[in-house]
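Below, each chain spelled out in residue letters.
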Amino acid sequence: MRFGEKAKQYREKATIQREVADWCAEWIGDDGQGLSAVEFGAGSGLFTERLLRKGFGRVLASDVSERMVEEGRRVLPGAEWRVCDAWEACGLNEGEFDCLYSCSLLQWAKEPTDVLRKWGRCLKIGGRGLATIFVEGSLKEFLEGDPDFGAVKFRFSDEWVRSFEAAGLSVERWDEMERVLKYESVLKGLHSLHDIGAVEEGRKSVGALRAFLKERDHAYRGNGYFPVTWKVLRVEVVKG
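Residues numbered from 1 in each chain as written. Predicted model: local features only at pLDDT ≥ 70, side-chain atom pairs only at ≥ 80, totals over all residues. Heavy atoms only, no water.

Our focus in this paragraph is empty space enclosed by the protein. Under the definition given, this model contains one cavity of 30 Å³ or more. Roughly 80 Å³ of internal volume is contained in the largest cavity. Forming the walls of the largest cavity are 13 residues, and the residues nearest its centre are Leu100, Gly129, Leu130, Phe164 and Val237. Mapped onto the lining of the largest cavity, the elements with two or more residues apiece are strand 4 (97-103), helix 5 (112-121), strand 5 (123-134) and strand 7 (226-239). It is strand 5 that provides the largest number of residues to the lining of the largest cavity, a total of four residues. Grouping the amino acids of the lining of the largest cavity by side-chain chemistry returns ten nonpolar, three polar and no charged. (1 Å grid on protein atoms, 1.4 Å probe; cavity = no way out; pocket = protein on both sides within 12 Å on 5 of 7 lines; lining within 4 Å. Points joined across faces, edges and corners; volume = space filled by probe spheres on them. Helix = DSSP H or I, 4+ residues; strand = E, 2+ residues; numbered from the N terminus. Nonpolar A, V, L, I, M, F, W, Y, C, P; charged D, E, K, R; others polar.)

Below, the discussion takes up the side chain of glutamate 49. Mapped onto the fold, glutamate 49 is located in helix 3 (residues 48-52). Exposure remark for glutamate 49: the relative accessible area of 15% places this residue in the buried category. The contact partners of glutamate 49, leaving out residues within four places of it in the chain, are Arg11, Arg18 and Leu76. (Buried < 20%, exposed > 50% of the residue type's maximum accessible area, 1.4 Å probe, protein only. Contact = heavy atoms within 4.5 Å.)

Moving on: the pattern of salt bridges. Under the criterion given, the structure shown has 20 salt bridges. As a salt-bridge pair, aspartate 22 and arginine 50 come within 2.6 Å of each other at their nearest N and O atoms. Note that aspartate 22 is positioned in helix 2 (residues 15-25) and arginine 50 in helix 3, a separation of 28 residues in sequence. For aspartate 22, a relative accessible area of 40% gives the class partly exposed. Judged by its relative accessible area of 6%, arginine 50 is buried. Between glutamate 49 and arginine 53 there is a salt bridge, and its shortest N-O distance comes to 3.2 Å. Each member of the salt-bridge network shares a partner with another, and the members are Asp22, Glu49, Arg50 and Arg53. (Salt bridge = Lys/Arg side-chain N within 4 Å of Asp/Glu carboxyl O.)

Spatially, seven strands are ordered 3-2-1-4-5-7-6 in an open sheet, and the strand pairing comes out mixed. Single-partner strands in this sheet number two, and they are strand 3 (80-83) and strand 6 (169-183). Averaged over all pairs of adjacent strands, the angle between their axes in this sheet comes to 15°, without regard to strand direction. One ladder, built from four bridges, connects strand 2 (residues 58-63) with strand 3; its direction is parallel. Bridge assignment links leucine 60 to a residue of strand 3, and that residue is glutamate 80. Sheet strands in contact with helix 7 (residues 157-166) are strand 5, strand 6 and strand 7, and its direction is about 150° off that of strand 6. (Pairing = 2+ DSSP bridges. Axes fitted to C-alpha atoms, helices over the stretch in contact; angles between N-to-C directions.)

Taken N-terminus to C-terminus, the directions of helix 5 and helix 7 make an angle of 45°; their axes are 8 Å apart at the nearest point. Relative to helix 7, the element helix 5 is oriented oblique. The chirality of how helix 5 crosses helix 7 is right-handed. Between helix 5 and helix 7, the residues in contact are Pro112, Thr113, Leu116 and Arg117 and Trp160, Ser163, Phe164 and Ala166, respectively. Considering only residue class, the contact of helix 5 with helix 7 consists of five nonpolar, two polar and one charged. (Parallel < 35°, antiparallel > 145°, perpendicular 65-115°, else oblique. Left-handed = near helix turned anticlockwise from the far one by under 90°.)

Here we come to the packing of aromatic side chains. Counted under the stated rule, the structure contains eight aromatic pairs. Seen in terms of ring centroids, phenylalanine 40 and tryptophan 119 are 4.6 Å apart; in terms of plane orientation they differ by 25°. Their pairing is stacked. Here tryptophan 119 lies in helix 5 and phenylalanine 40 lies in strand 1 (residues 36-40), a separation of 79 residues in the sequence. The pair formed by phenylalanine 40 and tryptophan 119 is uniform in burial state, with each residue classed as buried. The interplanar angle of 55° and the centroid separation of 4.8 Å between the aromatic rings of phenylalanine 134 and tryptophan 230 together place this pair among those described as tilted. Placement of phenylalanine 134 in strand 5 and of tryptophan 230 in strand 7 is noted, with a sequence separation of 96 residues between them. Residue classification places phenylalanine 134 among the buried positions, given a relative accessible area of 3%. (Phe/Tyr/Trp six-rings, centres within 6.5 Å; stacked < 30°, edge-to-face > 60°.)

Structural data, given as structure tokens:
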């Protein structure tokens with residue numbers, strides 16, 4: 001993925017991620033006073049800024065991209081920023097945080113239960129976690145034309161719920177949201193992914209890509225626009 005290369009423009013271009021951050025924030029709670037929070041995959045801070053509004057005593061925002069962290073630190077100096085690997089829980093101490101957050105990251109995890117188990121260790125007993133995850137149904141307009149189009153294999157929401165439980169985290173509540181963004185062409189829809197770095201270069205030859213885009217535009221020409229569907233899971237857990 002090329003997220004780091006788009007750090008300067010990510011906040012402007014990440015349309016669905018911003019909407020998901022707002023939706024996730026509905027479950028943060030009213031008051032973070034005296035509590036510590038860690039966010040994995042913070043990027044440049046779309047969700048972090050919502051945590052800061054809640055008045056947490058400590059907000060650690062982390063991302064694997066140095067460029068994203070630099071941009072986040074510039075825009076939101078009120079958070080503590082750290083470059084680290086979320087899949088290894090950033091090497092945090094056991095029971096270090098009251099709350100744990102992750103917005104639009106976990107769909108990239110290849111071994112989700114293992115990752116969630118590591119995340120759970122850094123929560124205090126009774127600590128709470130909140131995550132949003134893009135799930136099966138996302139980008140279906142591209143994937144139905146080519147199952148290998150995406151760089152990530154989306155899982156179903158119930159699979160994620162089972163992963164959280166298997167990691168020793170009790171699921172308190174969860175729900176789903178679906179949004180369809182409309183673009184004037186399939187190329188514009190593809191550019192929306194490129195603009196935030198959510199692509200892998202070289203997955204198709206130039207000729208194969210042109211043929212794919214032409215076929216996808218033809219499939220949806222009756223709409224008058226090209227739709228891009230995003231389906232998102234929101235899940236809240238507690239460490240017992």
